[in-house]
Amino acid sequence: MALIKKKLPIGIEDFEKLRLNNFYYVDKTGLIRDLLNNWSEVSLFTRPRRFGKSLNMSMLKYFFEIGDHKELFDSLEISKETALCEKYMGKFPVISVSLKNMNAPSFRIAFKMAVDTINTEARRFQYLLYSDLLTDEEKYKFRRLLHDDMEESTLYSSLRVLSELLEKHHKSKVVILIDEYDMPLAKAHENGYYDEMIFLIRNLFEQALKTNASLQFSVLTGCMRISKESIFTGLNNVSVLSITNIRFDEYFGFTDREVQDLLAYYGLSAHYDTMREWYDGYQFGNANVYCPWDVINHCYTLGADPEAQPENYWINTSGNDAVRRFIRESDNSGTTKREIEKLLAGETIRKEIYPELTYRDMYASIENIWSVLFTTGYLTQRGKPDGNRFVLAIPNREIHSVFSTQIMDLFRENVRKDGDLANRFCEALKNGDAKGVEEQFGIWLRKTISIRDTFVRKERKENFFHGILLGILSVMDSWIVSSNTESGDGYSDILIEIEKEDLGIVVEVKYAENGDFDSVCQEALNQIDKMHYDEKLKEEGIEEILKYGIACYKKRCRVVLADSASR
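Residues numbered from 1 in each chain as written. Predicted model: local features only at pLDDT ≥ 70, side-chain atom pairs only at ≥ 80, totals over all residues. Heavy atoms only, no water.

A. Quick look at the overall build of the protein chain. Tallying secondary structure elements over the protein chain gives 22 helices and 16 strands in all. Dimensions of the protein chain, computed from the C-alpha atoms along their principal axes, are close to 100 × 60 × 45 Å. Taken across its 567 residues, the protein chain has 57% of its residues classed as buried. Considering only contacts in the protein chain between residues 6 or more positions apart, those separated by 24 or more positions represent 73%. Carbon and sulfur atoms make up 45% of the accessible area of the protein chain, which amounts to about 25100 Å² in all. In the protein chain, the 74 positive side-chain charges and the 89 negative ones have mean positions that sit 5 Å from each other. (Helix = DSSP H or I, 4+ residues; strand = E, 2+ residues; numbered from the N terminus. Buried < 20%, exposed > 50% of the residue type's maximum accessible area, 1.4 Å probe, protein only. Contact = heavy atoms within 4.5 Å. Areas by Shrake-Rupley, 256 points an atom, 1.4 Å probe, with all protein chains shown as cover. Lys, Arg positive; Asp, Glu negative; His and termini not counted. Charge placed at Lys NZ, Arg CZ, Asp CG, Glu CD.)

Here is the structure:
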């Protein structure tokens, strides 16, 4: 009988559910050992989304929380630490709240969502209502945490009060876990109530994490490291463990060894190179890691279709607003454009990174946006930083495609804004004016961020120039423009039908690897004739057909029109 494989935990963030229901688990319980051996009253882990923060927080909850959860940790790394397990496992009341779903259009609704979060967590401890160790007044305080019409002062003190009551009942100090602490701030900034939310979170945290004598320790997670001046005012007990820190660097994300083991378990080792190209490349501290969300999702896809191509799993879980804003801002900066082009070509750049920003300042300048892209995982570091100066790179193929997509979206917007320039290109193309086409196309190439990638095949490099041409041609609503259409003995790059003038155009685009424009243009024209790319146009009854060979290299191009004898 074939052995039934463990299920892949797509979107499973509950440690107990994962361990009890035969899901595959990449063992990160060493985080518990290192956390206890490197004691800090408040630890803040900042990592990009989808790198396992919530699952790790759930793991911490089940380890420390009073009760018998030993079976969840059997055979895992932490189980070898018998002294630590004996002293800490199941010994503390744990308050665990997630703020990741606090996405509200107004502060009034956000406040109600915060109240509901506290209500939900307090209901886990309703046994306090019957505790012989609590006074009637203390039980009254607890009942107030269950009310959905909670006052502001009650909300601000809620985590501290709950800690005090739990400590008195259990005679043990309390562990507080707060997942995605900065999500309410991000949404408040987007929706215009940032100052009110800062005030709420600051008061909630200050009472829970600073003036709380019942606190054993606390762990927070988030994407951004928010300026202490805006939220952690007066909290001197916070240890910030960001993506630049060496300590705990391998516990968020999958290491190369972990990915190899996972692929081998599912019989997918043949896909290792693709997995590494698309989803590896992040450097946290000294650790090189993959995005877990991508790896698990692609393994799941490959399980159904071994021929499946890699997809952009991570980027499809977000609007990629940081990249979009960055590309738009760069439209006014030649230097930034050139830096983006270097990154897209697989090179690195040096930039000053500001580790602490407020959400208000995130997009205040190009310099700040570099920091946002680095913190949120769209860029990663290479090697060691020099103070606050980091060597930055695009981590992998998936993130490269994010930048490419946003660049092409901006290009199409610019084409619509500058219709006259696009019309001049199309007019020259229709009239057989190869020099005019070359001149107008060259202008567009110089205006646009070039998407060059030294790590892909020549055919892939041609896709960028192909996309630019299609973007320009999109202004001609009356033209029938086809891309990669089967015609003759192959697939032509671009076919154009201009019905009103009974005119057809065939365009073949080539990448001039060594800048040898003339021979590459001739190669393109020869391919048109050899593969009979004009066959489809002839079948439509079009007799006059223009054939263009276009060679491109960086921001230069050459356009050659086939002579009349070969048309």
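B. Broad picture of the pattern of salt bridges. Applying the stated criterion across every chain, the model contains 33 salt bridges. Across the pair Glu 258 and Lys 28 runs a salt bridge, and its minimum N-O distance is 2.8 Å. Within this pair, whereas Glu 258 is found in helix H11 (residues 256-265), its partner Lys 28 is found in the loop between helix H1 (15-20) and helix H2 (30-37), the two being separated by 230 residues in sequence. Its salt-bridge partner being Lys 538, residue Asp 534 comes within 3.4 Å of it at the nearest N-O pair. (Salt bridge = Lys/Arg side-chain N within 4 Å of Asp/Glu carboxyl O.)

C. Molecular detail of the packing of aromatic side chains. Applying the stated criterion across every chain, the model contains 33 aromatic pairs. With a centroid separation of 5.2 Å and 90 degrees between ring planes, the pair formed by Phe 45 and Phe 248 is classed as edge-to-face. Of this pair, Phe 45 sits in strand S1 (residues 42-46) while Phe 248 sits in the loop between strand S5 (238-241) and strand S6 (254-255); the two residues are 203 residues apart in sequence, bridging distant segments of the chain. Each member of the pair, Phe 45 together with Phe 248, is buried. An angle of 80 degrees between the planes, with centres 5.4 Å apart, marks the rings of Phe 411 and Trp 444 as edge-to-face. One end of the pair, Phe 411, is in helix H17 (residues 397-417); the other, Trp 444, is in helix H19 (residues 434-447), and 33 residues separate them in sequence. When its relative accessible area of 2% is taken as the criterion, Phe 411 is described as buried. In this structure an aromatic cluster arises from ring pairing among Phe 15, Tyr 25, Trp 39, Phe 63, Phe 64, Phe 73, Tyr 88, Phe 92 and Phe 217. Its end group placed over the ring of Trp 314, Arg 49 keeps NZ or CZ at 4.2 Å from the ring centre. (Phe/Tyr/Trp six-rings, centres within 6.5 Å; stacked < 30°, edge-to-face > 60°. Lys NZ or Arg CZ within 6 Å of the ring centre and 35° of its normal.)

D. Spotlight on the side chain of Asp 34. Mapped onto the secondary structure, Asp 34 falls in helix H2. A polar side-chain atom of Asp 34 sits 2.8 Å from a polar atom in the side chain of Tyr 251. (Polar contact = N/O pair within 3.5 Å; in protein donor to acceptor, adjacent residues only side chain to side chain.)

E. Structural context of unusual backbone geometry. Unusually for a residue other than glycine, Asn 22 sits at a positive phi of about 60 degrees. Locating Asn 22 in the fold gives a position in the loop between H1 and H2. On the accessibility criterion, Asn 22 (33% relative accessible area) is partly exposed. One non-glycine residue, Asp 502, lies in the positive phi region at around 50 degrees. Note that Asp 502 resides in the loop between strand S13 (490-498) and strand S14 (503-511). For Asp 502, a relative accessible area of 41% gives the class partly exposed.

F. Looking closely at empty space enclosed by the protein. Under the criterion given, the structure shown has three cavities of 30 Å³ or more. Size it by volume and the largest cavity reaches roughly 80 Å³. Lining the largest cavity, in full, are Val 97, Leu 99, Met 102, Ala 114, Thr 117, Ile 118, Leu 159, Ile 178, Leu 200, Ile 201, Leu 204 and Phe 205. Sorting the residues of the lining of the largest cavity by element identifies helix H6 (107-123) and helix H10 (194-210) as the ones contributing at least two each. (1 Å grid on protein atoms, 1.4 Å probe; cavity = no way out; pocket = protein on both sides within 12 Å on 5 of 7 lines; lining within 4 Å. Points joined across faces, edges and corners; volume = space filled by probe spheres on them.)

G. Representation of the sheet that holds strand S10 (residues 380-381). Ordered by their spatial adjacency, three strands build an open sheet running S9-S11-S10, and the pairing between neighbours is antiparallel. Where the open sheet ends on each side, the last strands, each with one partner, are strand S9 (349-352) and S10. Pairing analysis gives four bridges linking S9 to strand S11 (residues 389-393), with the strands arranged antiparallel. Among the inter-strand pairings, Glu 352 is bridged to a residue of S11, identified as Arg 389. Contacts between helix H15 (residues 334-344) and the sheet are confined to S9 and S11, with S9 contributing the most and set at about 125 degrees to the helix. (Pairing = 2+ DSSP bridges. Axes fitted to C-alpha atoms, helices over the stretch in contact; angles between N-to-C directions.)

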